[in-house]
Each structure stands twice: as C-alpha cells, then as structure tokens.
Amino acid sequence: MLYDIRLHLHYDYAAAAGGGRHQVRVLPQTIPGVQRVIAASLSFQPMPTERADFSDFFGNNVTSIAFRDAHEELDIRMSARVSVSRPEPGLDVSPDIHGLKAELDAVRSLSPVAPHHFLAASDHAGIDTAITSYARESLAGSAVATAVDLCNRIHRDFTYDGKATTVQTRAGDAFALKRGVCQDFSHIMIAGLRALGIPAGYVSGFLRTIPPKGKPRLEGADAMHAWVKAWCGRDAGWQEFDPTNGMRASNDHITVGHGRDYSDVAPIVGVLKTTGGQVGEQAVDVIPVAA
C-alpha cells in the first residue's frame with residue numbers, strides 16, 4: 001500500500017511562552033522488508049531558533065527544537081509518502097513460555113532490537129497483579145497464540161472511550177476502568193505479556209481508517225494510533241498486534257516509532273517558560289495513493 005500522510009499538531013498557550021525546548025517524534029521511519037519512506041517533511045510555526053534532527057537509541061526519527069523568543073502558539077505540520085508491505089503471518093513457529101525463556105536467555109545482545117529491553121516494567125506499563133492474573137488466562141501452546149488470545153480478549157472486554165483516560169494514565173488504572181484508548185489497551189497488553197515472560201514494546205504510528213459505506217471520508221478525522229510488538233522467539237521474532245481492533249498489524253498500520261511504552265515515542269515532549277496551561281489539537285489524514 002502507498003499512502004500520503006498529513007499530520008497537524010496545534011498548541012495554544014494560556015500565556016505567551018518566553019522560550020521552550022521540545023523533542024518531536026512524528027516522522028515515519030523506513031523499516032527493511034516492511035515500510036519505506038519515499039519522502040517526508042516536518043515544519044514548525046513559529047520557526048524555532050534551533051533545530052537538530054537525529055535518531056534515538058531505538059532508531060526513531062527525532063527533531064529537537066528550541067525557541068528563544070516569546071510565542072503564544074505552536075503549529076507542527078508533517079507530510080510524508082510511505083509504502084507499506086508487511087509480510088503475511090506465516091506458520092506459528094514460536095515456542096511455549098518455557099521454551100521462550102530458554103531462547104531469551106540465549107540472546108547475547110543489547111542492540112536496540114534485543115528483546116531484553118522490553119521485558120522489565122516501565123513507566124506506563126508496570127507489572128500489575130490484576131493484569132497478570134488476566135493475562136494468565138490467555139496462556140496457550142505458544143507465544144504467538146498467547147499474544148493473539150490476549151489481543152482479542154482486550155478488544156472484546158474493554159470499551160473504547162476517549163474521555164476516560166489521559167496520556168498520563170498507567171496500565172493498571174486503565175485496566176481497573178476497563179475503558180480507554182489505543183494507548184491504554186496497548187499498555188495493558190504490554191504489561192500482561194511482560195508478566196508472562198514475553199518481551200513486548202509499544203508502537204506509535206498511523207492507521208488507515210475506512211468510512212462507513214456511502215459516507216465521505218472526513219479530512220483530519222484520523223488520529224495517531226498505537227499497537228504492540230511482541231518478541232515470540234528466535235524463529236518467529238517480533239510480531240505486531242493491535243488490541244484496539246483485535247487484529248494483527250496489517251498494511252493499514254504505518255509505523256512512526258517504537259519503544260518500551262508511550263514515554264519513549266510521545267509525539268512531542270519538552271519544557272516551556274510560561275505560566276498557565278495549554279490546549280492542543282491533532283488532525284491526521286492517511287490517504288491511499290493509486291500505484
């Protein structure tokens with residue numbers, strides 16, 4: 001699939017900011033064998049005083065910006081053309097939980113894709129007793145089968161509610177509510193898999209959405225999405241699951257970045273020299289392009 005993607009982030013400040021410094025992670029990345037970025041651009045208004053582009057530890061595209069002058073709002077615009085061609089899931093060659101532990105112990109690497117980084121509790125996806133008990137009910141004959149079952153159960157048992165949580169909500173709190181958004185469902189699945197001994201991480205990106213039959217597609221109606229990657233053994237490797245929709249990641253999933261949880265791939269983080277709060281808006285367009 002070939003997509004044109006447009007993202008607009010807008011922030012209004014209650015009082016003029018005298019300065020600020022931010023890190024922005026919204027540019028899609030090229031992933032060999034999965035995704036290729038053909039062209040991409042990222043712009044800011046007002047223009048930052050300083051700008052630097054680099055890759056972080058996990059290989060995510062990061063743009064660091066700094067402002068010296070007073071400003072009352074910030075506009076961030078990203079556009080990209082991306083080709084996505086995910087391989088179809090093959091035969092389940094993943095081991096059971098005990099076999100997975102043996103294969104994990106045999107990994108002698110701390111590279112960015114090493115599973116060891118994704119096994120311990122993290123800020124948004126802590127090990128929670130209730131989540132662990134829930135995840136144990138998904139234990140199946142293999143790591144992949146376990147992840148598929150947990151993904152489908154979260155989709156079935158939890159209610160999508162954009163007002164129930166915030167970006168600061170932790171997995172345990174969202175689990176108690178049984179409500180939330182894609183970020184929450186991903187954190188719950190990550191926490192559950194890690195508790196079972198399956199390394200799991202957070203994937204940030206975009207999802208192509210299809211309007212109801214007979215209805216026009218609304219510009220800006222899409223939003224950034226999140227799903228889960230799980231290390232399912234030496235041969236199966238990393239597999240991706242979308243608990244919000246109860247499915248494997250497909251060619252409709254466009255990756256921006258990945259990390260241990262949301263805090264590693266938040267679209268924007270930073271500090272402002274100001275008083276009062278801020279109001280943010282987000283609009284995303286994911287448009288299929290005829291080849």
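All values derive from a computational prediction rather than experimental measurement. (Residues numbered from 1 in each chain as written. Predicted model: local features only at pLDDT ≥ 70, side-chain atom pairs only at ≥ 80, totals over all residues. Heavy atoms only, no water.)

Trainee: Please clarify how the packing of aromatic side chains should be interpreted in this entry.
Mentor: Two measures describe an aromatic ring pair: the distance that separates the ring centres and the angle between the ring planes. All chains considered together, the criterion is met by nine aromatic pairs. Centre to centre, the rings of Tyr-134 and Phe-175 are 5.4 Å apart; their planes meet at 70°, and the pair counts as edge-to-face. Here Phe-175 lies in helix H4 (residues 171-177) and Tyr-134 lies in helix H2 (residues 129-136), a separation of 41 residues in the sequence. With relative accessibility at 10%, the residue Tyr-134 sits in the buried group. A residue is classified by how much of its surface remains accessible, and Phe-175, at 8% relative accessible area, is buried. (Phe/Tyr/Trp six-rings, centres within 6.5 Å; stacked < 30°, edge-to-face > 60°. Helix = DSSP H or I, 4+ residues; strand = E, 2+ residues; numbered from the N terminus. Buried < 20%, exposed > 50% of the residue type's maximum accessible area, 1.4 Å probe, protein only.)

Trainee: Explain the pairing of strand S10 (residues 224-231) to me, please; I cannot follow it from the model alone.
Mentor: On a regular strand, one side chain projects to one face of the sheet and the next to the other, so that they alternate. Across the eight residues of S10, eight count as buried, placing the element largely inside the fold. Across the two faces of S10 the burial is the same, with Met-224, Ala-226, Val-228 and Ala-230 and His-225, Trp-227, Lys-229 and Trp-231 all buried. The pairing of strand S9 (residues 200-207) with S10 spans seven bridges and is classified as antiparallel. Each residue of the ladder has a partner; that of Ser-204, found in S10, is Ala-226. (Pairing = 2+ DSSP bridges.)

Trainee: In this structure, what is going on with the layout of surface pockets? I would like to understand it.
Mentor: Which parts of space are left empty comes out when a probe the size of a water molecule is rolled across the atoms. Volume-wise, the largest pocket comes out at about 1200 Å³. Every residue lining the largest pocket is counted, 42 residues in all, and those nearest its centre are Val-167, Gln-183, Tyr-262, Pro-267 and Gln-282. Looking at the lining of the largest pocket, the elements with two or more residues in it are strand S1 (2-17), helix H5 (182-196), S9, S10, helix H6 (262-265), strand S14 (268-272) and strand S15 (278-288). Within the lining of the largest pocket, the residues separate by chemical class into 21 nonpolar, 17 polar and four charged. Counting the residues that make up the lining of the largest pocket, at least three belong to each of domain 1 (2-84 + 267-288) and domain 2 (97-264). (1 Å grid on protein atoms, 1.4 Å probe; cavity = no way out; pocket = protein on both sides within 12 Å on 5 of 7 lines; lining within 4 Å. Points joined across faces, edges and corners; volume = space filled by probe spheres on them. Nonpolar A, V, L, I, M, F, W, Y, C, P; charged D, E, K, R; others polar. Domains from an automatic or database assignment.)

Trainee: Which parts of the structure should I look at to understand the sheet that holds strand S3 (residues 35-45)?
Mentor: Pairing between the strands of a sheet comes from backbone hydrogen bonds, and it takes one of two forms, parallel or antiparallel. Pairing within the open sheet is antiparallel, and its four strands lie in the order S3-S6-S1-S15. Two strands lie at the open edges of the sheet, namely S3 and S15, each paired on one side alone. Adjacent strand axes in the sheet meet at a mean angle of 10°, parallel and antiparallel pairs treated alike. Relative to S15, S1 is paired through eleven bridges, and the arrangement is antiparallel. In the strand pairing of S15, Asp-4 is matched with Ile-287. (Axes fitted to C-alpha atoms, helices over the stretch in contact; angles between N-to-C directions.)

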